Amino acid sequence: MDKNFPEEFTEIIKFTPPLYKQRYQFIKDLVGKYKPKKVADLGCADCTLLWMLKFCSCIEVLAGLDICASVMKEKMHKLSPLPVDYLQPSERSLTITLHHGSVAHKDPCMLGFDLVTCIELIEHLEESELQMFPEVVFGFMAPSIVVITTPNSEFNRLLPGVTLFRHPDHKFEWNRMQFQNWALETAGLYDYSVEFTGVGHPPTGMENVGFCTQIAVFVRKYPRISEFSQSEKPTEAVYKTVFKAVYPSLKDEKYLQNAVVSEVIFTAQIIKQNLLDCLMAEHEEYDDDPTERKSKFQPSKNCFSEDLGKLVVGKSMEPFVNGNAVYIPLRTIFSFPKVNRLCGTFEKLCKLIAGKVTLSSDGSAVMFNTERE
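Model, not experiment: these values are computed from the prediction.

Trainee: Could you clarify how one ought to interpret the sheet that holds strand β9 (residues 320–322) in this entry?
Mentor: Through backbone hydrogen bonds, the strands of a sheet pair up, either in parallel or in antiparallel fashion. Spatially, the 3 strands line up as an open sheet ordered β9-β10-β11, and their pairing is antiparallel. Looking at strand neighbours, the two that pair on one side only are β9 and β11 (365–369), the edges of this open sheet. Sheet twist, expressed as the mean angle between neighbouring strand axes with direction ignored, is 30°. Bridge count between β9 and strand β10 (residues 325–329): 3 bridges; the pairing is antiparallel. For Phe320, the partnering residue across the bridge sits in β10 and is Tyr327.

Trainee: Explanation requested: the pattern of salt bridges in the structure shown.
Mentor: Side-chain pairs of opposite charge can arise where the charged atoms are in close proximity. Enumeration according to the criterion identifies 7 salt bridges in this entry. Notably, a salt bridge pairs Glu91 with Arg341, separated by 3.1 Å at the nearest N-O pair. In this pair, Glu91 sits in the loop between α4 (83–87) and β3 (95–100) while Arg341 sits in helix α10 (residues 337–343), placing the two residues 250 residues apart along the sequence. Looking at Glu91, the relative accessible area reads 46%, which means it is partly exposed. Between Glu263 and Lys338 there is a salt bridge whose closest N-O contact spans 3.6 Å. One end of the pair, Glu263, is in helix α7 (residues 253–288); the other, Lys338, is in helix α10, and 75 residues separate them in sequence.

Trainee: Is there a simple way to think about the sheet that holds β3 in this case?
Mentor: With respect to topology, 8 strands assemble into an open sheet ordered β6-β7-β5-β4-β1-β2-β3-β8, the strand pairing being mixed. The sheet is open, and its two borders are formed by β6 (192–199) and β8 (240–246), each paired with just one other strand. The sheet shows a mean angle of 15° between the axes of neighbouring strands, taken without regard to direction. Bridge count between strand β4 (residues 115–119) and strand β5 (residues 145–151): 5 bridges; the pairing is parallel. Each bridged residue has a counterpart across the sheet, and for Val116 the counterpart in β5 is Val146. Sheet strands in contact with helix α6 (residues 176–189) are β5, β6 and β7 (213–220), and its direction is about 155° off that of β6.

Trainee: Would you explain the pairing of strand β1 (residues 38–42) in this entry?
Mentor: Within a regular strand, the side chains alternate between the two sheet faces. Of all 5 residues that make up β1, 4 are buried, and the element is covered over most of its length. In this structure, β1 lies alongside strand β2 (residues 61–66), joined through 5 bridges in parallel fashion. Residue Leu42 lies in a different strand from β2, and its bridge partner there is Leu65. For the crossover that starts at β1, traverses helix α2 (residues 48–53) and ends in the parallel β2, the hand is right-handed. In terms of strand pairing, β1 meets β4 through 3 bridges, oriented parallel. Looking across to β4, one finds that Val39 is bridged to Leu115.

Trainee: Explanation requested: the confidence of the model for the chain in the structure shown.
Mentor: A low pLDDT score tells you not to read the predicted coordinates there in detail. Of the residues in the chain, 84% have a pLDDT of 70 or more, and the chain-wide mean is 87. Every residue in residues 292–302 is under pLDDT 50, and counting partners more than four places away or in other chains gives 21 contacts. Predicted confidence is poor over residues 304–314, with pLDDT under 50, and the contacts of this stretch with residues over four places away or in other chains come to 21 contacts.

Trainee: Help me understand the nonpolar core, please; the structure alone is not making it clear to me.
Mentor: What tends to happen in soluble globular proteins is that the nonpolar side chains get buried as a cluster. One finds Leu53, Leu98 and Val147 to be the most contacted residues of the largest nonpolar core, which totals 42 residues. Taken together, the elements giving at least two residues each to this core come down to α1 (19–34), α2, β3, β4, β5, β7 and β8. A per-element tally of this core places α1 first, with 6 residues. Residues within four places of Val147 in sequence aside, it is in contact with Phe26, Ile27, Leu30, Leu115, Val116, Thr117, Cys118, Ile215, Ala216 and Val217.

Procedures and definitions
Residues numbered from 1 in each chain as written. Predicted model: local features only at pLDDT ≥ 70, side-chain atom pairs only at ≥ 80, totals over all residues. Heavy atoms only, no water. Pairing = 2+ DSSP bridges. Helix = DSSP H or I, 4+ residues; strand = E, 2+ residues; numbered from the N terminus. Axes fitted to C-alpha atoms, helices over the stretch in contact; angles between N-to-C directions. Salt bridge = Lys/Arg side-chain N within 4 Å of Asp/Glu carboxyl O. Buried < 20%, exposed > 50% of the residue type's maximum accessible area, 1.4 Å probe, protein only. Contact = heavy atoms within 4.5 Å. Right-handed = clockwise from strand over helix to strand, strands pointing away. pLDDT = per-residue confidence, 0-100. Core = buried A, V, L, I, M, F, W, Y, C linked by side-chain atoms within 4.5 Å.

Pasting the structure below:
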C-alpha cells in the first residue's frame, strides 16, 4: 500500500449499484442511444448481459460467445422464451444464439453485427490471443460499434487485498495510459474513432486514480463498402453452437393469425355485450311506458360506449340482432386501433380470420348467438 495513501481508504469500497450492474447499464444506455438491431457479447459468461438486452425492443438478434461452455450451459435457460411470450408475441422478431469458441478465431456467424461488447474480457486473454483480438473484432467482424471494458490498475491501490491483479485468471491489467495507447493504435489501424470513459467513481479526494472500470467506445468511421474476398472468409464454422432460441413474433404468420383471431373475438364480444345491454335497457323502458312505441328494436347511438360511438358510423357498420344471432360488421371491428394495427389492411383481416371465426353468409360480419356468455 502507498505510504501516502489515506488511512480511511483502507476499508472495502462498495459501489452502488454494484460495479457489474453499472457496466451493464452503460451498455443498455448505449443501446438506447444507437438502437442496434444485432448485438454480440464476446465473453458472455453467465449470459446476464444478454438476458438484460433481450428486453430492448430495437434488438432482433443477440449472440453470445465464450471459451467456457459449461458456464453458458448452466445459465442459458434464462434466455429461453417464457409462456407469456407465446401468449402475447412481440411485434419484433428475436433470435438468441450462444457459441462456444475463442475470440482469437474467425467464424462467419459473427459477421453483420451492429454492436459488439467485450465486458471485462481482454484481461483474460493470453498474449497470442490478445494479438489476434483486434484483427478478429475490428478487421473481420467490423461492427459499427465496439465497447471494451477492462480494470483500471491505478484503482487497485484502493482495493484492500489486491496485490497484483483483481482476479487470478487475469493475464494483465492496464493503467489508463496503457489502455488508451492500445485503443488508439487499434482504432487507427481499422478506421475507428474511440472515446474513453468509465464506471465506478473513486472516493472523494482520490479522483486522480480514475474510474475503477475503464471503458473505450469505438465507432467505425466509414461503412463497410466491400465484401470479404474468398481468401479472407473462413470456409467453415469454427464455433460450436450450444444454444438457440427463436422467440414467437407477430412477423410470423402463425402467431399473427392467432393474435388477430383472439383480438377480433375479444372486440366482437365487447360490442355484442354492449349491444345486448342496450337492447335490454330499451326493452325494459318499453315495458314501463307502453305509450312509447318503437318502430325498430334497435339501440340508439348513446347506448354505445364513447369509443364505440365514435367508430359506429353509417348503417353498414352498425351491429344488429336478427333472430337469435348478433352480427358485428368486420368493418366496425377493423376500426378498432389494435385490430387495425395488427392487420394493416381490411383484406389482411379477412384473410387471417377465414375459417377461424364464425361469419355471416356473405362474410361481412362476425356472428354470435344472442345468449350471454
